[in-house]
Amino acid sequence: MESAGVNTTSLPSVMKVKPIEATPETFKEFGQVIEASPDGEEFGPRDAQLDLSRGIPRFYIMQLKDRSLRFSKITHHANVTQCLGSIGGNVWYLGVAKPSIVDPTDIKGADIVQSHCGHFYLPPAVDEVQAFRISGPKFIKLNHGTWHAGPLFTDDKMDFYNLELNNTNVVDHTTHDFIKKNGVVFLLDD
C-alpha cells in the first residue's frame, strides 16, 4: 500500500480502524499501560520504564481542543519515552504503529527515510496502524520510536498529563503524512 508518488489532488481513501481497549497485554508492542498500584510498592515492571536521559524532563498539563476520531498524520520520538494520561480518566484514543527506527547499514533495498532529526526509519505501513481506547485512571507510556496519533477524543476539549523532554517537539519530532504519502486518512470506528 505504500506509494511514493500518490496524487494528493484526489480525495483520500478512508480506512476505518476499530479501537481496542488498552491493557498491559494489548499495548505491549508499543509501550506500557500504567495503572494504579498500592502506595509503598517498590519499583517494578508495572511502573513506567522511562528513558529521559537525553535532556531535561518536562512534565506538564496539555490542553487539547476539537480533536476528532480521524487522523492522517502520525508522529514518533526517537530519543525519549513519552507518557500521556487524561486528567479525570475520561475516555480517549490513540492511533499507533510499531517503532521503525533502523540502522541504514543493516537494511538494503527498503524505503529508508532520514528524519530531519538525523535518525533513519521505515515509514509506517497503512495496514499496520492500530487504535486503542484508553479509559479510566491510567497512563500510556510510549516506547522510543512508537508512531502515535492523538490523543483523540469526542469531548470539546480535554486536559492531559504529558511527560517528555523539554525540547521533544523541537528536536525529536518526526511526522509521517498518510494523505501525502499513501492517499489515506484513518477514522476510528468505536
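By the naming in an unreviewed UniProt entry, the protein chain is Ureidoglycolate lyase, taken from Datura stramonium.

Novice: Please explain the packing of aromatic side chains as it appears in this structure.
Specialist: For any pair of aromatic rings, the description rests on two quantities: the centre-to-centre distance and the angle between the ring planes. This model, assessed by the stated rule, comprises 10 aromatic pairs. Here the aromatic rings of Phe30 and Phe132 are separated by 5.6 Å at their centres, their planes lie at 65 degrees, and the arrangement is edge-to-face. Of this pair, Phe30 sits in the loop between strand S2 (20–21) and strand S3 (31–35) while Phe132 sits in strand S12 (residues 130–134); the two residues are 102 residues apart in sequence, bridging distant segments of the chain. Like Phe132, Phe30 is buried.

Novice: Would you explain the pairing of strand S14 (residues 147–152) in this entry?
Specialist: In regular strands, side chains alternate between the two faces of the sheet. Within S14, five of the six residues are buried, which leaves it mostly tucked inside the rest of the structure. As defined by bridge partners, strand S8 (residues 92–97) adjoins S14 across four bridges and the pair is classed as antiparallel. Within the sheet, the bridge partner assigned to Ala97 lies in S14 and is Trp147.

Novice: Please clarify how the sheet that holds strand S13 (residues 138–142) should be interpreted in this entry.
Specialist: Within a beta sheet, neighbouring strands are joined by backbone hydrogen bonds and run either parallel or antiparallel to one another. Strand order across the open sheet formed by five strands is S3-S13-S7-S15-S4, with antiparallel pairing between neighbours. The outermost strands of the open sheet, each flanked by one partner alone, are S3 and strand S4 (57–65). Along the sheet, successive strands turn relative to each other by an average axial angle of 20 degrees, direction set aside. As judged from the nine bridges shared by S4 and strand S15 (residues 157–165), these two strands associate in the antiparallel manner. Bridge pairing in S15 places Phe59 opposite Leu163.

Novice: What should I look at first to understand the layout of surface pockets in this one?
Specialist: To find the voids left in a structure, one rolls a probe of water-molecule size over its atoms. As a volume, the largest pocket reaches approximately 420 Å³. Along the walls of the largest pocket sit 23 residues, with Arg67, Thr75, His148, Gly150 and His173 positioned nearest its centre. Put simply, the parts of the chain that give the lining of the largest pocket at least two residues each are S4, strand S5 (70–71), strand S6 (73–76), strand S7 (82–86), S14 and S15. With five residues, S14 is the largest single contributor of residues to the lining of the largest pocket. Tallied by class, the residues present in the lining of the largest pocket amount to nine nonpolar, 10 polar and four charged.

Novice: What am I meant to see in the sheet that holds S5 here?
Specialist: Judged by pairing direction, the sheet is mixed, and its three strands sit side by side in the order S1-S17-S5 without closing on themselves. Lying at the two open borders of the sheet, with one neighbouring strand each, are strand S1 (13–17) and S5. Taken together, the five bridges between S1 and strand S17 (residues 184–188) define a ladder with parallel strand orientation. Bridging from a neighbouring strand, Lys16 pairs with Leu187 of S17.

Novice: I'm lost on the pairing of S7 in this one. Help?
Specialist: By the criterion of burial, S7 is predominantly enclosed, with five of the five residues buried. Going residue by residue along S7, you find Gln82, Leu84 and Ser86 tucked away on one face and Cys83 and Gly85 tucked away on the opposite face as well. Looking at chain direction, S7 and S13 are connected through three bridges and run antiparallel. By the bridge assignment, Cys83 is partnered in S13 with Lys141. Across four bridges, S7 lies against S15 in antiparallel orientation. The residue of S15 that forms the bridge with Ser86 is Phe160.

Cut-off values and rules
- Residues numbered from 1 in each chain as written.
- Predicted model: local features only at pLDDT ≥ 70, side-chain atom pairs only at ≥ 80, totals over all residues.
- Heavy atoms only, no water.
- Phe/Tyr/Trp six-rings, centres within 6.5 Å; stacked < 30°, edge-to-face > 60°.
- Helix = DSSP H or I, 4+ residues; strand = E, 2+ residues; numbered from the N terminus.
- Buried < 20%, exposed > 50% of the residue type's maximum accessible area, 1.4 Å probe, protein only.
- Pairing = 2+ DSSP bridges.
- Axes fitted to C-alpha atoms, helices over the stretch in contact; angles between N-to-C directions.
- 1 Å grid on protein atoms, 1.4 Å probe; cavity = no way out; pocket = protein on both sides within 12 Å on 5 of 7 lines; lining within 4 Å.
- Points joined across faces, edges and corners; volume = space filled by probe spheres on them.
- Nonpolar A, V, L, I, M, F, W, Y, C, P; charged D, E, K, R; others polar.

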